[in-house]
Amino acid sequence: RPFLEVVEEYVRWGRAFGRKDGKPWTADYAQRKDGHLRKWAETLSIETLADLDAILPRVEAVLGQLVEAGSAGSTVSYLATSLSSFCEWCVGHGYLRENPLANLRAIDTSPVKEPRRALTPEEIGRLFAVAPGWRRLAYAVALTTGLRLGELRKLDRTDLDIENGRLRLRWKT
């Protein structure tokens, strides 16, 4: 079967009841899973499920390149899990006899050893100089509120208090 066709089925399944507790994946999570699997298909030239046979060494090579390029262990692990959990789902649904990534070793997800830091005013200036207008606004809100990406995405027009020039920040959603 075509790989991307099965990926679409997997994502539809996940949007219906993909979590361990039977609840659906969030829209954001489903979109990331779909994106990761499409990236794997492109990177490893996966066209059909048969192309997954004996793919472990190729997957390990890609993951190794990501680690060498400086990607965080948690990011690399998340990408590996996207493909591995898809393969496990395929086994459970009778599309594969066994998970070709069953022997994939765990990836060190220890936090990055270099501490994160705030941008300097000069770095902020350089960032704002090259960012498109809509993104500058998002960066300004993030820098002044401390909101993370997911929290920024949840903001909507009702959070904007134009009359008082304020942005209402909800700590619970």
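Conventions adopted
- Residues numbered from 1 in each chain as written.
- Predicted model: local features only at pLDDT ≥ 70, side-chain atom pairs only at ≥ 80, totals over all residues.
- Heavy atoms only, no water.
- Axes fitted to C-alpha atoms, helices over the stretch in contact; angles between N-to-C directions.
- Helix = DSSP H or I, 4+ residues; strand = E, 2+ residues; numbered from the N terminus.
- Parallel < 35°, antiparallel > 145°, perpendicular 65-115°, else oblique.
- Left-handed = near helix turned anticlockwise from the far one by under 90°.
- Contact = heavy atoms within 4.5 Å.
- Nonpolar A, V, L, I, M, F, W, Y, C, P; charged D, E, K, R; others polar.
- 1 Å grid on protein atoms, 1.4 Å probe; cavity = no way out; pocket = protein on both sides within 12 Å on 5 of 7 lines; lining within 4 Å.
- Points joined across faces, edges and corners; volume = space filled by probe spheres on them.

Draft legend 1. Seen up close, the packing of helix α1 (residues 3–17) against helix α2 (residues 27–44). Between α1 and α2, whose axes approach to 10 Å, the crossing angle comes to 165°. As judged from the angle between their axes, α1 and α2 are roughly antiparallel. The two elements α1 and α2 cross, and the hand of that crossing is right-handed. Judged by residue contacts, Phe3, Leu4, Val7, Glu8, Tyr10, Val11 and Arg15 of α1 engage Ala30, Gln31, Lys33, Asp34, Leu37, Arg38 and Ala41 from α2. The residue makeup of the contact of α1 with α2, split by class, is eight nonpolar, one polar and five charged.

Draft legend 2. Looking closely at the layout of surface pockets. Considering only enclosed or pocket space, the largest pocket measures out at about 350 Å³ in volume. Residue lining of the largest pocket: 15 residues in total, with Leu137, Ala138, Tyr139, Ala142 and Leu152 positioned closest to the centre. For the lining of the largest pocket, the secondary structure elements donating two or more residues are α6 (133–145) and α7 (149–154). Looking at the lining of the largest pocket, the element that brings in the most residues is α6, giving seven residues. Surrounding the second largest pocket, Arg116, Arg117, Ala118, Leu119 and Leu143 form its lining. Split into classes, the residues belonging to the lining of the second largest pocket amount to three nonpolar, no polar and two charged.

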